[in-house]
Structures are given as structure tokens and as C-alpha cells.
Amino acid sequence: EVQLVESGGGLVRPGGSLRLSCATSGFTFRSDTMNWVRQAPGKGLEWVASITSSGTYVYHADSVKGRFTISRDNAKNSLFLQMNSLRAEDTAVYYCVRDGSDSDGFFSYLEYWGQGALVTVSP
Amino acid sequence: DIQMTQSPSSLSASVGDTVTITCRASQGISNYLAWYQQKPGKVPKLLIYGASTLQSGVPSRFSGSGTGTDFTLTIVSLQSEDVATYYCQKYNSVPLTFGGGTKVEI
């Protein structure tokens, strides 16, 4: 069974930093592209970042580029999101998401979702 | 960047109705389109990928169609458990943009 468990969320002051982690199990982590998607309270879904299986390629949304960094540790089956210079508008539930396995393109749909970690940026 | 526009933003239907949600891309995305269901307070769930391929375990009353710029999600014989917000998402390239969502109520 695929399991994705986020941790590291919490309350942080504007301008502060936070590092989210996602512990995974139940699949071959080193073979799959991984993603972070967020959802602000009462709002829709927003893609944040993606990282390919080996970590060679990383992609970030314009809204977080230069402030957030996605990374992974394939030896520990873990995904990370380093968030710096946090703003109030970064307040959201952050989901760790595994790519789908049946896409014929370089990118894929989002098949498995974690339960999410709440990040609140407030004075 | 390609924009994804869903309509309507919300709808109310009766149990047993057929519901159609549309998603339009500002540029062609072939069939790189997925649909997700998010029930209140829950994690999003993949329903359809490749515009029309039903994810394993998803009831057959859900179907998707379209290619290029115009896509639809159809729910035949709406059930009470289908109350949710539905999102389309493109995945031909980054950014992996979502539509704004369609809230379905009974």
C-alpha cells in the first residue's frame, strides 16, 4: 500500500522558514517523480513543485520560485520542501503527491496524495 | 502559461441526474488532462487521467472526454456521495495548472 506522510508543518512568522518532509513507503520511491501541491483555506489546488526520480530536474511554481526548494533523499525514501521567506499567502495545507505510472509524457497526473501538512504564516 | 478554466463554478442537481462539468485550456494540451474529486474535509482523489481513462476503483458513472482545449467530466446518475468539488488539471508541461474547481451539491 502506498503511504505518504507529511510532517514539519506549523505556525511561522512572516519572513521565517520551515522544512516539510514526506516519508514514503509501499512503492519504489527512487523510480518516481514527486510533487508538492498546496491548498489555501477555502481555496482551490495549486501545484507548488516537482522533482524527477533521480533529482536531476526540479520545477517550481512562479509563486514560490527563489523561496522554496524541493529535494529528495532516495536512500531514505523521503521528499522535502524547504520554505524560506514565508508570506501570509503561503498559508495552506501542503500535500506530498506521487506521480501516476501510466503517463506517456514527461510529466504525469497526480495519483497518490498524502494527508497534508498545515502551514500557517502569521504574526 | 496555459490557463485552465472550469465551468460552472458550482451546481446543484438531484440524485439520479446527469451532471456535466467542462474544463477549457487556453492552449492545446492534447489529452494530458486529469480530473480529481475532493470531498469536504478530505484529500483530493484521482478520478480520470489521459482525459478519458478511469482510475482503478472509480465508479463507472464517472467519465471523461475531450482533447486539445475542451474537456468534460460527466457523472451519470448522480449519487449523494458524489457531493464534492471537482478539479481538472493539465500535465503536458509545467506549471501543472489546476482549474478553479466545480462544487457539486445535491
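Anything mentioned here points back to the structure above.
Thresholds, definitions, all that
- Residues numbered from 1 in each chain as written.
- Chains lettered and ligands numbered in written order.
- Predicted model: local features only at pLDDT ≥ 70, side-chain atom pairs only at ≥ 80, totals over all residues.
- Heavy atoms only, no water.
- Helix = DSSP H or I, 4+ residues; strand = E, 2+ residues; numbered from the N terminus.
- Rg over C-alpha atoms; globule rule 2.2 N^0.38 Å.
- Buried < 20%, exposed > 50% of the residue type's maximum accessible area, 1.4 Å probe, protein only.
- Contact = heavy atoms within 4.5 Å.
- Areas by Shrake-Rupley, 256 points an atom, 1.4 Å probe, with all protein chains shown as cover.
- Buried area = accessible area lost by both parts, 1.4 Å probe.
- Salt bridge = Lys/Arg side-chain N within 4 Å of Asp/Glu carboxyl O.
- Polar contact = N/O pair within 3.5 Å; in protein donor to acceptor, adjacent residues only side chain to side chain.

(A) Fine view of the overall build of chain B. Along chain B, the regular secondary structure elements total 0 helices and 10 strands. By the compact-globule yardstick of 13 Å for 106 residues, chain B fits well, its C-alpha radius of gyration being 13 Å. Expressed along its principal axes, the backbone C-alpha trace of chain B runs to roughly 35 × 25 × 25 Å. The 106 residues of chain B split such that 50% are buried. Contacts in chain B between residues far apart in sequence, at least 24 positions, make up 56% of those at least 6 positions apart. Put simply, chain B shows about 4500 Å² of open surface, and 46% of that area lies on carbon and sulfur atoms.

(B) Expanded view of the overall build of chain A. Scanning chain A from N- to C-terminus turns up 0 helices and 11 strands. Start at the N end of chain A and walk to the C end: the helices and strands fall as β-β-β-β-β-β-β-β-β-β-β. By the compact-globule yardstick of 14 Å for 123 residues, chain A fits well, its C-alpha radius of gyration being 14 Å. Overall, chain A is about 45 × 25 × 25 Å in size when its C-alpha atoms are taken along their principal axes. The proportion of buried residues among the 123 residues of chain A is 50%.

(C) Seen up close, the side chain of Gln 55 of chain B. Locating Gln 55 of chain B in the fold gives a position in the loop between β6 (53-54) and β7 (62-67). Ignoring sequence-local partners within four residues, the contact set of Gln 55 of chain B consists of Glu 111 of chain A together with Leu 46, Leu 47, Ile 48 and Tyr 49 of chain B.

(D) Structural view of the interface of chain B and chain A. Facing the 20 residues of chain B at the interface are 24 residues of chain A. Summed over both sides, the interface of chain B with chain A buries roughly 1800 Å², with 66% coming from carbon and sulfur. When the area that chain B buries against chain A is broken down by residue, the three leading residues are Val 43, Leu 96 and Phe 98 of chain B, summing to 29%. For the pair chain B and chain A, the interface holds 0 salt bridges. At the surface where chain B touches chain A, the tally comes to 5 residue pairs in polar contact (both at pLDDT 80 or more).

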